[in-house]
Amino acid sequence: MIEFKNVSKKYDSGTEALKNVNLRIERGEFVFIVGASGSGKSTFLKTIMREEVPTSGTIMINNYDLTKMTNKEIPYYRRTLGIVFQDFRLIPNMSVYDNVAFAMRVTGESEREIKKRVPYVLSLVGLKQKADSMPNEISGGEQQRVALARALVNNANTIIADEPTGNIDPEMSYEIVDLLNHINANGTTVIMVTHEHDLVKKFNHRIVVIDHGQIVSDTAAGSVLNYQTETGYKPVETPSAEPVSDFSDATNDSVVTAPEPVTENSTISQVYTIPVTVKKVSGEAAPVVEPVGSPLSEASQPTAEQKARSYTTINGIDYSKYFEDIDDILGKGGPTE
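Just so you know, these numbers come straight off a predicted model, no measurement behind them.

What counts, and where the lines are drawn
Here the residue index of a chain counts from 1 through its sequence in written order. For this predicted model, a pLDDT threshold of at least 70 governs which residues receive local features, and a threshold of 80 or more governs which side-chain atom pairs are given and counted, while totals over whole chains, interfaces and linings are taken from all residues. In computing side-chain values, all of the structure's heavy atoms are included and hydrogens and water are not. DSSP calls a pair of strands paired once it identifies at least 2 bridges connecting them. Strands here are runs of E lasting at least two residues and helices are runs of H or I lasting at least four, both read from the DSSP assignment and numbered beginning at the N terminus. Two residues form a contact once any of their heavy atoms are found within 4.5 Å. Under this scheme, a helix contributes an axis fitted over its contacting stretch, all axes are lines through C-alpha atoms, and angles between N-to-C directions fall in the 0 to 180 degree range. For this analysis, a salt bridge means a side-chain nitrogen from Lys or Arg found within 4 Å of a carboxyl oxygen belonging to Asp or Glu. When a residue's accessible area, from a 1.4 Å probe over protein chains only, is under 20% of the maximum for its type it is buried; when over 50% it is exposed; and in between it is partly exposed. With its strands directed away from the observer, a crossover is right-handed exactly when the path from the first strand over the helix to the second travels clockwise.

Chemist: Tell me about the pairing of strand β4 (residues 56-61), and please be specific about residues and values.
Modeler: In this structure, strand β1 (residues 2-10) lies alongside β4, joined through five bridges in antiparallel fashion. Bridged to Ser8 within β4 is Ser56. For β4 and strand β5 (residues 64-65), the ladder comprises two bridges, and the chain directions are antiparallel. Residue pairing for β5: Met60 is matched across the bridge by Asp65. Where β4 hands over to β5, the hairpin turn is made up of two residues, of which Asn62 adopts a positive phi near 50 degrees.

Structure representation (structure tokens):
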């Protein structure tokens, strides 16, 4: 779980990069962070990675209070994260295998475990046959998949992807986000910063918009967003009676609404060869989502309990009630929530 409470960050230069940010991301969510250059996205990620400390407020991630963390705790905290950068950051004189294995070696993992884990993770990203290749012998998309494998190899429960598709072609960009999507489907939290509207609309996940250091919109709260090439995502103050929910490519804009909830029979597509199925809890009705600007009929009005449900859970559903043994999938790499 990631929770920002009244977080502000002001640099010595006087720049106020974050202003009273309040945000909660539940374990297992996939969240796109969007915003113009200079909006505060980079500072937001740096505070998550504990490269920056907020001027005020508190940040709780994976049972760590980042505002009170000691220097000795930082390496252990970061082992709960997997970081994927735009520029790959591979070690040029190491093979694909050794680049991934390096992340395990620096944590003191045994060679026996490395030899078992690294080929497995490379197979997940489709690079098992490239294990002996050097970074300059593979494509940009393949290099980014190596970076993703490196982020996964220590069983991180949270993936932070900072513009991971910025240096690769559109087709490979889709494949990278699709991999992140599959990884997320098995319980890993994914936070991805991106400028690519086409990817955001293709993968219908929660969208958080940062502007001038503030969260100005969040589809998890039922916000409707309007996308324009010149201005990016902006909240729609007065949505129409029938908002466009499929990211349609209108001539002037695209409108994005909150994602539809997972149904009781939805099966999560897997990449870890461990089946995970969303199950309805006995005697509990599935959450009801009221379309923005289009009230439900009286007969189908949600109950008080359903109204009380928060969109801060995954797609409006409290996955802790539906997942069975989720910690057996990815939660062994560090402190759990």
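Chemist: Any details on the sheet that holds β1? Residues and values, ideally.
Modeler: On the basis of which strands lie adjacent, the open sheet formed by four strands has the order β2-β1-β4-β5 and antiparallel pairing. Where the open sheet ends on each side, the last strands, each with one partner, are β2 (16-25) and β5. One ladder, built from six bridges, connects β1 with β2; its direction is antiparallel. Among the inter-strand pairings, Ile2 is bridged to a residue of β2, identified as Ile25. Helix α1 (residues 41-48) contacts β1, β2 and β4 of the sheet and is inclined by roughly 60 degrees relative to β2.

Chemist: Tell me about the pattern of salt bridges, residues and numbers included.
Modeler: All chains considered together, the criterion is met by eleven salt bridges. Two residues, Arg206 and Glu29, come together in a salt bridge whose shortest N-O distance is 3.0 Å. Separated by 177 residues along the polypeptide, Arg206 in strand β9 (residues 206-211) and Glu29 in the loop between β2 and β3 (30-34) bring together distant segments of the chain. Like Arg206, the residue Glu29 is buried in the burial classification. A single network of salt bridges, built from pairs that share partners, joins Glu3, Arg24 and Glu26.

Chemist: Before we move on, can you summarise the side chain of Thr189 with the specific residues and values?
Modeler: Tracing the backbone through its elements, the reader meets Thr189 in strand β8 (residues 189-193). The class of Thr189 is buried, set by a relative accessible area of 2%. Sequence-distant contacts of Thr189, that is, excluding residues within four places in its chain, are made with Ile25, Glu26, Arg27, Gly28, Glu29, Asn157, Thr158 and Ile159.

Chemist: Describe the pairing of strand β7 (residues 158-162), listing the residues and the values that go with them.
Modeler: By the criterion of burial, β7 is predominantly enclosed, with four of the five residues buried. Examined bridge by bridge, strand β6 (residues 81-84) and β7 share four bridges and lie parallel to one another. Among the inter-strand pairings, Gly82 is bridged to a residue of β7, identified as Ile159. Across five bridges, β7 lies against β8 in parallel orientation. The partner of Ile159 across the bridge, within β8, is Val190. Between β7 and its parallel partner β8, the chain crosses via helix α6 (residues 170-185), and the hand of that crossover is right-handed.

Chemist: Give me the sheet that holds β3: which residues, what numbers.
Modeler: Spatially, six strands are ordered β6-β7-β8-β3-β9-β10 in an open sheet, and the strand pairing comes out mixed. This sheet does not close on itself; its edge strands, each paired only once, are β6 and β10 (214-218). With strand direction ignored, the average angle separating the axes of adjacent strands in the sheet is 20 degrees. Sheet analysis places β3 next to β8, joined by four bridges and oriented parallel. Counterpart to Ile33 in the pairing with β8 is Val193. Its contacts with the sheet put α6 on β3, β7 and β8, and the angle it makes with β3 is roughly 140 degrees.

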